[in-house]
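# Results of the structural survey
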Amino acid sequence: AQSVTQPDIHITVSEGASLELRCNYSYGATPYLFWYVQSPGQGLQLLLKYFSGDTLVQGIKGFEAEFKRSQSSFNLRKPSVHWSDAAEYFCAVVPLESGGYNKLIFGAGTRLAVHP
Amino acid sequence: DVKVTQSSRYLVKRTGEKVFLECVQDMDHENMFWYRQDPGLGLRLIYFSYDVKMKEKGDIPEGYSVSREKKERFSLILESASTNQTSMYLCASRRPFGNTIYFGEGSWLTVV
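As the structure is a prediction and not an experimental result, all values here were calculated from the model.

### A closer look at the overall build of chain B
Summing up its helical and strand segments, chain B has 0 helices and 12 strands in all. Tracing chain B from N to C terminus, the helices and strands come up as β-β-β-β-β-β-β-β-β-β-β-β. The globule rule puts the C-alpha radius of gyration for 112 residues at 13 Å, and the 13 Å found for chain B is close to it. When the backbone C-alpha atoms are referred to their principal axes, chain B occupies close to 40 × 25 × 25 Å. Sequence separation of at least 24 residues holds for 55% of the intrachain contacts in chain B that already meet a minimum separation of 6. Approximately 5,400 Å² of chain B is accessible, and the part contributed by carbon and sulfur atoms is 51%. Here chain B carries 16 positive and 15 negative side-chain charges, and the mean point of each set is 3 Å from the other.

Structure representation (structure tokens):
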């Protein structure tokens, strides 16, 4: 079945440590790929997106993500986490088959906690 | 600066009530969306609208309807609210074939 999987429901890291949040998708053609962040009680803010080209994408707030076609993955990374990064992170895709332009499909989310 | 506004941030309604969730965008976007967010399930698409008076069902349309009478406004309607519709509802908009979707801050609905 077509899906977006974020294997880690909850992750805790220490401030200053590196971070990697995993995202895998199962669609035939490479979809458009997104990472969003949601702070408590807020809407979603776009961190970065990948459509084509360079597989390493830079986003806001010091985040980056790498697209790996062979692994159907789009993992989010940050070299040094700040306490303000504590939030929920969503991976999302726009499938390009079946006229999927209008559907943004989300993973279940990964909640990040940051220890001081 | 782009703006998607959900006027009601927190609502408490009784079972069986008719509920309206309103969303307004100021970017002249043709496409608008309603998502529902539940823990462990991420965001699921309820309905979306290509343009005024045009709508299409998303993945979980049961129990919901929508109205798009004006380009800037997209309303989600719960005809008869039930407790399993307690959730956070997110509105979003996008220009046609644009690849960035802009979200509102969400409406927390509790049905008692």
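Now that the structure has been shown, the text picks up again.
### Quick notes on the side chain of D85 of chain A
All names here are of chain A. Within the secondary structure, D85 is located in the loop between strand 9 (73-78) and strand 10 (87-94). Relative accessible area serves as the criterion here: at 4%, D85 is assigned to the buried category. With residues up to four places along the chain from it excluded, the contact list for D85 reads F63, K78, L112 and V114.

### Let's talk about the confidence of the model for chain B
Averaged over every residue, the pLDDT of chain B is 91; the share at 70 or more is 96%. For chain B, strand 11 (residues 102-103) of chain B is the element with the lowest average pLDDT, namely 89, and strand 9 (residues 73-78) of chain B is the one with the highest, namely 97.

### A word on the side chain of Q25 of chain B
All names here are of chain B. Positionally, Q25 belongs in strand 4 (residues 23-25). A polar atom in the side chain of Q25 sits 3.2 Å from the backbone oxygen of K71. Setting aside its immediate chain neighbours within four residues, Q25 contacts K3, V4, M32, R68, K71, E72 and S93.

### Re the state of the cysteines
Applying the stated rule across the entire model yields 2 disulfides over all chains. Paired through a disulfide, C23 of chain A and C91 of chain A show a sulfur-sulfur distance of 1.9 Å. The sign of the S-S torsion, about -65 degrees, decides the handedness of the disulfide formed by C23 of chain A and C91 of chain A: left-handed. On the criterion of sequence distance, the pair formed by C23 of chain A in the loop between strand 3 (19-21) and strand 4 (24-25) and C91 of chain A in strand 10 is long-range, its members being 68 residues apart. You'll find C23 of chain A and C91 of chain A in the same group, each marked buried. The disulfide partner of C23 of chain B is C91 of chain B, and the S-S distance across this bridge is 1.8 Å. Residues C23 of chain B and C91 of chain B are joined through a disulfide that is left-handed, its torsion about the S-S bond being -75 degrees. You can see C23 of chain B sitting in strand 4 and its partner C91 of chain B sitting in strand 10 (residues 87-94), a full 68 residues away along the chain. Exposure class is identical for C23 of chain B and C91 of chain B. Each is buried.

### Side note on the interface of chain B and chain A
On the chain A side, the residues contacting the 24 residues of chain B number 21 residues. Interface of chain B and chain A: buried area, both sides summed, is about 1,800 Å²; carbon and sulfur atoms make up 52% of it. Where chain B packs against chain A, one counts 0 salt bridges. Across the chain B-chain A interface, the total number found is 4 residue pairs in polar contact (both at pLDDT 80 or more). Elements that contribute at least two residues to the side of chain B that touches chain A include exactly strand 5 (31-38), strand 6 (42-49) and strand 10 of chain B. Its residues assigned to classes, the side of chain B that touches chain A shows 13 nonpolar, 7 polar and 4 charged.

Conventions adopted
- Residues numbered from 1 in each chain as written.
- Chains lettered and ligands numbered in written order.
- Predicted model: local features only at pLDDT ≥ 70, side-chain atom pairs only at ≥ 80, totals over all residues.
- Heavy atoms only, no water.
- Helix = DSSP H or I, 4+ residues; strand = E, 2+ residues; numbered from the N terminus.
- Rg over C-alpha atoms; globule rule 2.2 N^0.38 Å.
- Contact = heavy atoms within 4.5 Å.
- Areas by Shrake-Rupley, 256 points an atom, 1.4 Å probe, with all protein chains shown as cover.
- Lys, Arg positive; Asp, Glu negative; His and termini not counted.
- Charge placed at Lys NZ, Arg CZ, Asp CG, Glu CD.
- Buried < 20%, exposed > 50% of the residue type's maximum accessible area, 1.4 Å probe, protein only.
- pLDDT = per-residue confidence, 0-100.
- Polar contact = N/O pair within 3.5 Å; in protein donor to acceptor, adjacent residues only side chain to side chain.
- Disulfide = S-S within 2.5 Å.
- Buried area = accessible area lost by both parts, 1.4 Å probe.
- Salt bridge = Lys/Arg side-chain N within 4 Å of Asp/Glu carboxyl O.
- Nonpolar A, V, L, I, M, F, W, Y, C, P; charged D, E, K, R; others polar.

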